[in-house]
Amino acid sequence: MIYLLEDAINGILMGSIYGLTALGLTIVFGVLKVINFAHGSLLMVGMYLALWSVSLIGIHPYLALIIVVPVMYFFGYYLQDIVIKPIFKAEKDVREPITVIIVTTGVWYVLDNLTLLIFGPQYRSIQANPLKGKMIELGEIFISVPKLWGFCTAIITAFGVYYFFQYTRMGRAIRATSLDRDAASLAGINQYKIYNIAFGIGTAVAGIAAVTLVPFYNIFPTVGVLFDIKGFIIVVLGGLGSMGGAIIGGIIVGLIESIGPQFMTATWTEAIVYGLFLLVLFVKPSGLFGEKHDW
Amino acid sequence: MTGKENLRVKKTNLKAQKKGLDSHTGSHIKAGSGPFVTRGNIKTMSLALAVLVAFGLPLVITSPTYLHIIVLMFFYAYLTTSWNMVGGFAGVLPLGHSVFIGIGAYTSTILSLQYGVSPWIGMMIGGILSVFVGVLIGLPTFKMRGAYFALATIAFAEGFRVMVENIDFIGPLNVNGPRGLQIPPQNYGFANFMFAGKEPYYYIILIMLIGVLALTWFISRSKLGYYLNAGGEEPEAAMALGVNVAKTKLAAMAISSFFTALAGTFYAQFSLFIHPKSIISLDISFEIAFIALIGGRGSIAGPVLGALLLRPVSDFSRIYFGDILPGLHLVIYGVILILVMIFQPRGIQESLTRMYDSVVDRVVTWSQKDGEA
């Protein structure tokens with residue numbers, strides 16, 4: 001029983017970090033109406049960035065946020081501006097352009113394999129890591145410290161992003177564009193600039209997730225793929241475009257992954273996650289917390 | 001062919017005929033039969049020439065490595081053409097077609113390994129099984145739009161892979177879980193779908209490709225093709241006109257999954273080894289979509305042109321740079337994809353057909369000028 005409790009706690013902590021990795025995905029989808037298949041790769045880029053800033057400058061792993069977040073924001077901003085915007089313009093009248101989905105997949109392939117070319121396939125981690133293997137003991141329950149920090153970061157980030165979208169001028173402009181891009185354009189909002197900013201924010205949030213992952217996760221060129229597929233499942237579970245939904249969807253997936261192996265072979269839990277995903281798609285396509293849409 | 005071009009051809013034809021009538025001295029153009037060099041004739045002949053060249057190719061290219069690359073090129077052209085019936089004409093983005101490859105490969109391989117059933121029969125059984133699965137997937141998913149459909153098909157494919165990896169036996173059938181299935185190379189011959197050289201595989205996949213292309217051509221000119229196009233572009237308008245959009249999409253899915261499964265059997269017999277991670281992989285599903293979009297989604301020539309462009313790029317860069325620069329071919333892949341999508345959102349097929357048409361035009365006008373002189 002005590003093991004089950006420990007697994008549940010670890011599942012919630014890890015799940016909230018999954019949710020954080022998926023948060024950027026849901027932001028980009030909410031505004032651009034496009035699944036960003038490159039999101040996992042952006043997370044990977046963020047992890048390398050965090051790794052290098054920690055090992056080259058020698059700062060505390062969490063202080064890497066100061067470098068990673070702005071760099072990732074501009075990376076996402078210009079990636080959308082240079083690569084994805086032209087395709088949006090070519091297919092103006094399509095609501096969910098398929099070509100854009102495929103182009104983000106192209107970005108994924110380029111980023112992952114460029115990293116492989118430059119840094120090689122080996123697994124890396126922070127050498128002088130002050131958080132490595134740190135645990136809190138609560139009676140018989142052990143809780144990993146970096147995961148606990150990850151949980152706190154996820155909650156704070158989700159609230160921060162929510163506040164930004166609800167109560168700032170720019171946030172309102174972004175929401176207006178996501179509701180009706182034509183009407184927003186008529187109101188004087190530059191639709192494509194909003195896309196750039198939303199993509200930048202999504203990428204910056206992926207950067208935050210990367211920084212929280214780096215202290216306890218290995219870093220390698222295809223690490224993003226693991227979070228990519230998981231991210232899609234999480235955002236659909238929680239409702240595409242819903243921020244709280246992303247975190248809660250992440251926690252659900254994390255719980256299944258941590259408690260599942262108590263009852264079955266660990267590899268079957270993956271099948272359970274896909275099954276649950278399909279069930280939600282069929283029964284309630286808008287997700288557990290998403291608003292009802294016309295798709 | 002635009003109306004203007006049509007008119008020009010008619011005019012030149014008329015001129016030629018008039019000339020034939022005017023010159024009483026043994027006219028070189030027989031009245032009524034028309035000139036031999038017409039647009040249609042040139043197109044038919046160049047198509048026939050292309051097929052002839054394709055059939056003669058193994059006589060020229062004898063290197064097994066190159067032949068292997070070409071077989072895989074045709075294999076991907078075939079897969080993408082099958083995919084195109086759903087992904088191109090029905091206007092959705094399926095990203096899980098590796099399910100059907102897996103069903104085809106596993107069905108025929110298990111039947112031939114355990115019961116000695118000829119892979120050709122297994123191929124058909126796999127195809128039929130795959131139709132059932134395709135319809136089962138299509139029934140709920142075709143109600144979804146855009147991103148949701150793509151994600152649902154990915155989930156089906158990945159879920160299927162996880163299941164295959166975790167199952168050792170289905171009743172008496174040995175699936176062999178994550179270890180995959182090996183086909184021992186023995187009893188070569190047509191009945192066993194197993195050959196020592198690459199040439200027989202080449203001809204089989206070539207004939208399969210021609211067959212599926214002919215079918216696509218036929219469908220695109222049939223009622224089903226028009227319904228699919230209408231349902232893909234404007235589902236509401238099509239439904240208002242009485243087209244049962246869901247039913248036509250299901251029909252397309254059934255045809256597409258059947259032919260994709262056949263390719264699965266081909267792949268199993270060609271490589272003699274199937275493994276859930278490599279055959280039911282997301283990479284294959286994505287590559288099919290890449291080829292289709294680069295070539296031109298929803299066109300007949302698109303998948304073939306896409307495979308002709310992409311496959312050699314990926315294979316040669318893998319052969320020559322694979323050791324020193326791992327992953328280079330996928331970088332090239334991604335860059336080509338992004339560039340084509342930015343500059344040719346309808347795929348390379350569009351400008352290539354335009355070029356081809358203008359060449360045909362030039363040949364027609366040139367031959368008629370020649371006749372006048």
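Bear in mind the structure is a predicted one, so any value in this text is a computation, not a measurement. (Residues numbered from 1 in each chain as written. Chains lettered and ligands numbered in written order. Predicted model: local features only at pLDDT ≥ 70, side-chain atom pairs only at ≥ 80, totals over all residues.)

A few points about the overall build of chain B
Inference 1: Along its length, chain B carries 15 helices and four strands.
Inference 2: By the burial criterion, 42% of the 373 residues in chain B qualify as buried.
Inference 3: Here the analysis covers contacts within chain B between residues at least 6 apart in sequence; of these, 73% occur between residues at least 24 apart. (Helix = DSSP H or I, 4+ residues; strand = E, 2+ residues; numbered from the N terminus. Buried ≥ 20, exposed ≤ 12 C-beta atoms within 10 Å, placed from the backbone. Contact = placed C-beta atoms within 7 Å.)

What to know about the overall build of chain A
Inference 1: For chain A, the helix and strand inventory stands at eleven helices and two strands.
Inference 2: In chain A, the succession of α and β elements from N to C terminus is α-α-α-α-β-β-α-α-α-α-α-α-α.
Inference 3: Taken against the 2.2 N^0.38 rule, which gives 19 Å for 295 residues, the C-alpha radius of gyration of chain A at 19 Å falls within 12% of a compact globule.
Inference 4: Across its three principal axes, chain A shows a C-alpha extent of roughly 60 × 45 × 35 Å.
Inference 5: Here the contacts in chain A between residues at least 6 apart in sequence split such that 78% fall between residues at least 24 apart. (Rg over C-alpha atoms; globule rule 2.2 N^0.38 Å.)

Points about the pairing of strand β2 (residues 141-144) of chain A
Residues and elements named next belong to chain A.
Inference 1: Bridge count between strand β1 (residues 135-138) and β2: four bridges; the pairing is antiparallel. Counted as the bridge partner of glutamate 137 is phenylalanine 142 from β2.
Inference 2: Between the end of β1 and the start of β2, which pair antiparallel, lie two residues, with glycine 139 showing a positive phi angle near 65 degrees. (Pairing = 2+ DSSP bridges.)

A look at helix α1 (residues 2-32) of chain A
All names here are of chain A.
Inference 1: With 31 residues, α1 ought to run about 45 Å at 1.5 Å a step, and its terminal C-alpha atoms sit 45 Å apart, in line with that.
Inference 2: At alanine 22, α1 shows its maximal kink, close to 35 degrees.
Inference 3: The first or second residue beyond α1 is lysine 33, which carries a positive phi of 60 degrees. (Expected span 1.5 Å × (residues − 1). Bend = angle between axes of the 7 residues up to and from the residue.)

Comments concerning unusual backbone geometry
Inference 1: Even without being a glycine, lysine 33 of chain A presents a positive backbone phi close to 60 degrees.
Inference 2: Relative to the assigned elements, lysine 33 of chain A resides in the loop between α1 and α2 (39-57).
Inference 3: A count of 20 C-beta atoms within 10 Å places lysine 33 of chain A in the buried class.
Inference 4: Of note in the backbone geometry, asparagine 176 of chain B takes a positive phi value of approximately 70 degrees without being a glycine.
Inference 5: With 20 C-beta atoms packed within 10 Å, asparagine 176 of chain B lands in the buried category.

Considering the interface of chain B and chain A
Put simply, an interface is often sized by how much accessible area is lost when its parts join up.
Inference 1: Counting from both sides, the interface comprises 35 residues of chain B and, opposite them, 37 residues of chain A.
Inference 2: Elements that contribute at least two residues to the side of chain B that touches chain A include exactly α6 (146-166), α12 (282-295) and α14 (328-343) of chain B.
Inference 3: Counting residues per element, the side of chain B that touches chain A draws most heavily on α6 of chain B, which supplies 13 residues.
Inference 4: Taken together, the residues of the side of chain B that touches chain A break down into 27 nonpolar, five polar and three charged. (Nonpolar A, V, L, I, M, F, W, Y, C, P; charged D, E, K, R; others polar.)

Examining the confidence of the model for chain A
Inference 1: Overall, the prediction assigns chain A a mean pLDDT of 86, with 96% of residues at 70 or greater.
Inference 2: Averaged pLDDT values over the elements of chain A bottom out at 80 in β1 of chain A and peak at 93 in helix α8 (residues 191-213) of chain A. (pLDDT = per-residue confidence, 0-100.)

Some details on α8 of chain A
Owing to its 3.6 residues per turn, the α-helix brings residues three or four apart onto one side.
Inference 1: The terminal C-alpha atoms of α8 of chain A, which comprises 23 residues, lie 33 Å apart, in line with the 33 Å expected from a rise of 1.5 Å per residue.
Inference 2: α8 of chain A sits mainly inside the fold: 19 of its 23 residues count as buried.

Brief notes about the confidence of the model for chain B
Inference 1: Of the residues in chain B, 90% have a pLDDT of 70 or more, and the chain-wide mean is 83.
Inference 2: With pLDDT under 50 throughout, residues 1-31 of chain B is counted as low confidence; its partners more than four residues away or in other chains account for 21 contacts.

Some words on the packing of α2 of chain A against helix α9 (residues 223-238) of chain A
Residues and elements named next belong to chain A.
Inference 1: Between α2 and α9, the shortest axis-to-axis distance is 7 Å and the interhelical angle comes to 140 degrees. Classed by the angle they form, the pair α2 and α9 counts as oblique. Helix-helix and strand crossings are classified by hand; for α2 and α9 the assignment is right-handed. Across from His39, Gly40, Ser41, Leu43, Met44 and Met47 in α2, the residues of α9 making contact are Val223, Gly224, Val225, Phe227, Asp228 and Gly231. (Axes fitted to C-alpha atoms, helices over the stretch in contact; angles between N-to-C directions. Parallel < 35°, antiparallel > 145°, perpendicular 65-115°, else oblique. Left-handed = near helix turned anticlockwise from the far one by under 90°.)

Description of the packing of helix α10 (residues 243-259) of chain A against helix α11 (residues 266-283) of chain A
All names here are of chain A.
Inference 1: The N-to-C vectors of α10 and α11 enclose an angle of 150 degrees; their axes lie 9 Å apart at closest approach. One finds that α10 runs roughly antiparallel with respect to α11. In the packing of α10 onto α11, the handedness of the crossing is right-handed. When α10 is examined against α11, the residues Val253, Ile256 and Glu257 are found in contact with a partner set consisting of Thr269, Ile272 and Val273.
Inference 2: Residues of the contact of α10 with α11, tallied by class, amount to four nonpolar, one polar and one charged.

Looking at the environment of alanine 246 of chain B
Residues and elements named next belong to chain B.
Inference 1: Along the chain, alanine 246 falls in helix α10 (residues 245-271).
Inference 2: By the C-beta count within 10 Å, which is 15 here, alanine 246 ends up partly exposed.
Inference 3: For the pair alanine 246 and alanine 147, spaced 99 residues apart in the sequence, the C-alpha separation amounts to 18 Å.

Focus: the environment of leucine 215 of chain B
Inference 1: Residue placement: leucine 215 of chain B occurs in helix α7 (residues 199-220).
Inference 2: The sequence separation of leucine 215 of chain B and isoleucine 319 of chain B amounts to 104 residues, and the corresponding C-alpha distance is 34 Å.

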